[in-house]
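# A closer look at the structure
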Amino acid sequence: QVQLVESGGGLVPPGGSLELSCAASGSIFGIATMAWYRQVPDEQRELVAQIASAGVTTYADSVRGRFTISTNKAKSAVHLQMNNPKAGDAADYYCDAEGSYDAGTWFSRWGQGVQVTVSS
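What comes next concerns the included structure. (Residues numbered from 1 in each chain as written. Predicted model: local features only at pLDDT ≥ 70, side-chain atom pairs only at ≥ 80, totals over all residues. Heavy atoms only, no water.)

## As for the packing of aromatic side chains
Describing an aromatic ring pair means giving the distance of the ring centres and the angle of the ring planes. Inspection of the entire model under this criterion finds 3 aromatic pairs. Considering the side-chain rings of Phe29 and Tyr101, the 4.9 Å spacing of their centres and the 50° angle between planes classify their relative orientation as tilted. Residue Phe29 is found in the loop between strand E3 (17–26) and strand E4 (31–39), and its partner Tyr101 is found in the loop between strand E9 (91–100) and strand E10 (106–110); the two are separated by 72 residues along the sequence. Tyr101 gets classed as partly exposed once you look at its relative accessible area, which sits at 28%. With a centroid separation of 4.9 Å and an interplanar angle of 20°, the aromatic rings of Tyr101 and Phe107 are classed as stacked. For Phe107, a relative accessible area of 6% translates into the label buried. When the ring centre of Tyr94 is taken as origin, the NZ or CZ atom of Arg45, which lies over that ring, is 3.8 Å away. Sitting over the ring of Trp110, Arg45 keeps its end group 4.7 Å from the ring centre. (Phe/Tyr/Trp six-rings, centres within 6.5 Å; stacked < 30°, edge-to-face > 60°. Helix = DSSP H or I, 4+ residues; strand = E, 2+ residues; numbered from the N terminus. Buried < 20%, exposed > 50% of the residue type's maximum accessible area, 1.4 Å probe, protein only. Lys NZ or Arg CZ within 6 Å of the ring centre and 35° of its normal.)

Shown next as structure tokens:
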């Protein structure tokens, strides 16, 4: 029911900035939490940043102070502002939406992913 489309990926130099965006459509009324994950080959998918109701946010220790997650009140869009990226930030980034329409029907939806490359 929920569809997620990411945009904004690409090449960014170290010390630069890049903003990832994720647009949600469909049955978005049940979304409780949105997040950004990232993954590189041969490694597990890693939580980068998460935002829940009332704007409560959590960040991975490796990005805290450099990345900022934000969303609108309806949770129809979520963004990840990446400042001062490091080489270790290069990965495929995925938008995630989680929530429930009825008790006992928790769901998780993923976007298709966007590639972020950090290079001079």
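## Looking at the sheet that holds strand E1 (residues 2–7)
Pairing is antiparallel in the open sheet, where 4 strands are placed in the order E1-E3-E8-E7. Only two strands of the sheet have a single neighbouring strand rather than two, namely E1 and strand E7 (67–71). Taking each pair of neighbouring strands and ignoring which way they run, the sheet shows an average axis angle of 15°. One ladder, built from 5 bridges, connects E7 with strand E8 (residues 77–83); its direction is antiparallel. (Pairing = 2+ DSSP bridges. Axes fitted to C-alpha atoms, helices over the stretch in contact; angles between N-to-C directions.)

## Structural notes on the environment of Tyr101
For the pair Tyr101 and Gly10, spaced 91 residues apart in sequence, the C-alpha separation works out to 34 Å. Apart from residues lying up to four places away in sequence, Tyr101 is in contact with Gln1, Val2, Ser27, Phe29, Gly30 and Phe107. (Contact = heavy atoms within 4.5 Å.)

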